[in-house]
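Inside the fold
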Amino acid sequence: MTETLLYEGKAKKVFTTDEPNVLLHTYKDDATAFNAKKRGSWEGKGKTNATMSAALFAYLEQNGVPTHFLEQVDDTSIKTKKLDMLPVEVVVRNLATGSIKRLLGFEEGRKFKAPIIELCYKDDDLDDPLVNWHHLREIGVSDEDIEFCEELGFKVNEVLAPFFDERGIILVDFKVEAGKDENGNPMLADEISPDTCRFWDKETNEKLDKDRFRNDMGGIEEAYAEMLRRVTS
Ligand code: TMP
Ligand code: ASP
C-alpha cells in the first residue's frame, strides 16, 4: 500500500491509501490539552481511541447515522472515507461541566432539561470559539450544513447516551465533527473517544476520560483502559 502522510495532528496521523477516496487514521499515545499548551502521553491511548471510535461508528451506522468509518485495520488504525470537513465542532451537553460552567455560571453536574448544542468554529489560532448561525453563515457554512450538524449532534446523543448507560456510564458531553464525501453527502467524521467525550461512572461519578489528564487527576491510563473494556465487552 502506498501511504503518504497527509497530516500529523496532536493525537493522530492521517495517511493517503491506494484508494483515492480512502484515508488511514493512526492514533498516537500522545495527548495535548488547552490548545496544545499542555502535553503528555500514556500507553494504550491510541488503541483505545481507534478501537472505541471503530466500535461506536459501527454502532451508530447500525442506528441510522451515516459515518466516514470503513474498517479497523489494526489496534491503532482505522480506514475511513475521505471527506471535505466542515469547519465546525459540534458540542452536545447533558450535564454541566467544563466550559459551560464558566460561560453561564452553572453548578458542576447540573442535569439539563434537554441536551444543549453548541457550535464552535474550528480554528486553533482562535481557540475554537463558540459561534452562532450568523457567524457561521458569514464564514461560509450553509444553513443546510449547520442544520445537519445540529441534527447529527442530537442523533448521536440519542443513540450513544443509552448505549453508555447500559454500560454503567453517563455520557456527560461530547464533541463531534462532520464532513462531506465526494458526492456531497454529509456524515459524521473524526473520532469518538475519551479525548472527545466526558464519561462519568454512573455509580461513583468517577471521571473516565481526558479530564483526568487536563486536570492532573492521575489514573489516566487505567481510565482509558476501563472505557475500552466497557465499550467492547
Ligand atoms: P468543553 O467543556 O471544554 O467546552 O468541552 C466540551 C466537550 O468537547 C468535552 O466532551 C470535551 C470535548 N472537546 C474536544 O473534543 N476537543 C476540544 O478541543 C475541547 C476543548 C473539548
Ligand atoms: N484537544 C485540545 C488540545 O489539544 C483541547 C482539549 O482536548 O482539552 O489542546
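Residues numbered from 1 in each chain as written. Chains lettered and ligands numbered in written order. Predicted model: local features only at pLDDT ≥ 70, side-chain atom pairs only at ≥ 80, totals over all residues. Heavy atoms only, no water.

1. As for the overall build of the protein
Helix and strand content of the protein: six helices and 14 strands. Since a compact globule built from 233 residues should have a radius of gyration of about 17 Å, the 17 Å found for the protein is in line with a globular shape. The dimensions of the protein, computed from C-alpha atoms along their principal axes, are 50 × 40 × 35 Å. Looking at the protein as a whole, 50% of its 233 residues qualify as buried. (Helix = DSSP H or I, 4+ residues; strand = E, 2+ residues; numbered from the N terminus. Rg over C-alpha atoms; globule rule 2.2 N^0.38 Å. Buried < 20%, exposed > 50% of the residue type's maximum accessible area, 1.4 Å probe, protein only.)

2. Comments concerning the pairing of strand β6 (residues 69-74)
On a regular strand, one side chain projects to one face of the sheet and the next to the other, so that they alternate. Relative to strand β7 (residues 77-81), β6 is paired through four bridges, and the arrangement is antiparallel. Paired with Glu-71 across the bridge in β7 is Lys-79. The hairpin turn running from β6 into β7, its antiparallel successor, is two residues long. (Pairing = 2+ DSSP bridges.)

3. Some thoughts on a negative patch on the surface
There is a patch of like negative charges on the surface, built from Glu-3, Asp-18, Glu-19 and Glu-71. With respect to the element layout, Glu-3 can be found in the segment before β1 (5-8). For Glu-3, a relative accessible area of 37% translates into the label partly exposed. (Patch = residues over 30% accessible without salt bridge, like charges linked within 9 Å, V, L, I, M, F, W, Y side chains within 5 Å. Areas by Shrake-Rupley, 256 points an atom, 1.4 Å probe, with all protein chains shown as cover. Salt bridge = Lys/Arg side-chain N within 4 Å of Asp/Glu carboxyl O. Lys, Arg positive; Asp, Glu negative; His and termini not counted. Charge placed at Lys NZ, Arg CZ, Asp CG, Glu CD.)

4. Re the packing of helix α1 (residues 45-62) against helix α6 (residues 220-232)
One way to put it is that α1 packs onto α6 with a least axis distance of 10 Å and a crossing angle of 25 degrees. Accordingly, the angle class assigned to the pair α1 and α6 is roughly parallel. Of the two elements, α1 crosses α6, and the hand of that crossing is left-handed. From α1, Lys-45, Lys-47, Thr-48, Asn-49, Thr-51, Met-52, Ala-55 and Leu-56 reach across to α6, where they touch Tyr-224, Ala-225, Met-227, Leu-228, Val-231 and Thr-232. (Axes fitted to C-alpha atoms, helices over the stretch in contact; angles between N-to-C directions. Parallel < 35°, antiparallel > 145°, perpendicular 65-115°, else oblique. Left-handed = near helix turned anticlockwise from the far one by under 90°. Contact = heavy atoms within 4.5 Å.)

5. So, the site of ligand 2
Close to ligand 2 lie Lys-10, Thr-32, Ala-33, Phe-34, Asn-35, Ala-36, Lys-210 and Arg-214, which account for all nearby residues. Within the side chain of Thr-32, an N or O atom sits 2.2 Å from an oxygen atom of ligand 2. Take Ala-36: an N or O atom from its main chain is 2.8 Å from an oxygen atom of ligand 2. Coverage of ligand 2 by the protein amounts to 73% of the 270 Å² it exposes when considered alone. (Near = heavy atom within 4 Å. Polar contact = N/O pair within 3.5 Å; in protein donor to acceptor, adjacent residues only side chain to side chain.)

6. Regarding the nonpolar core
In terms of nonpolar packing, the biggest core is built from 42 residues, with Val-156, Leu-160, Phe-164, Leu-188 and Phe-199 touching the most fellow members. Of all elements in the fold, only α1, β9 (88-95), β10 (111-121), α4 (143-165), β12 (169-180), β14 (197-201) and α6 reach the threshold of two or more residues within this core. Ranked by residues supplied to this core, first place goes to α4 with nine residues. Not counting residues up to four positions away in its chain, the partners in contact with Phe-199 are Met-52, Phe-164, Ile-169, Ile-170, Leu-171, Ser-193, Pro-194, Glu-206, Lys-207, Leu-208, Asp-209 and Met-227. (Core = buried A, V, L, I, M, F, W, Y, C linked by side-chain atoms within 4.5 Å.)

7. Digging into the sheet that holds β1
Strand pairing in a sheet relies on backbone hydrogen bonds, with the paired strands running either antiparallel or parallel. Overall, antiparallel pairing links the five strands, which are arranged β1-β2-β3-β7-β6 in an open sheet. The open sheet has two edge strands with one neighbour each: β1 and β6. On average, each strand axis in the sheet is inclined to that of its neighbour by 25 degrees, with strand direction left out of account. Pairing of β1 with strand β2 (residues 12-16) involves three bridges; the strand directions are antiparallel. Across the sheet, Leu-5 pairs through a bridge with Phe-15, a residue of β2. Along the sheet, α1 contacts β3 (22-27), β6 and β7; its crossing angle with β6, the most-contacted strand, is approximately 145 degrees.

8. A short note on the environment of Leu-160
In this structure, Leu-160 sits in helix α4. Expressed as a C-alpha distance, the spacing of Leu-160 and Leu-171, which sit 11 residues apart in the sequence, is 7.7 Å. Non-local contacts of Leu-160, meaning those with residues more than four positions away in its chain, are made with Leu-56, Tyr-59, Leu-60, Leu-171 and Ile-192.

9. Overview of α1
Structurally, the α-helix is built with 3.6 residues per turn, so residues lying three or four positions apart point the same way. Taking 1.5 Å as the rise per residue, α1 with 18 residues should run 26 Å; its terminal C-alpha atoms sit 26 Å apart, in good agreement. Buried within α1 are the following residues: Lys-45, Gly-46, Thr-48, Asn-49, Ala-50, Thr-51, Met-52, Ser-53, Ala-54, Leu-56, Phe-57 and Leu-60. Positive phi appears at Gly-64, one or two residues downstream of α1, with a value of about 85 degrees. (Expected span 1.5 Å × (residues − 1).)

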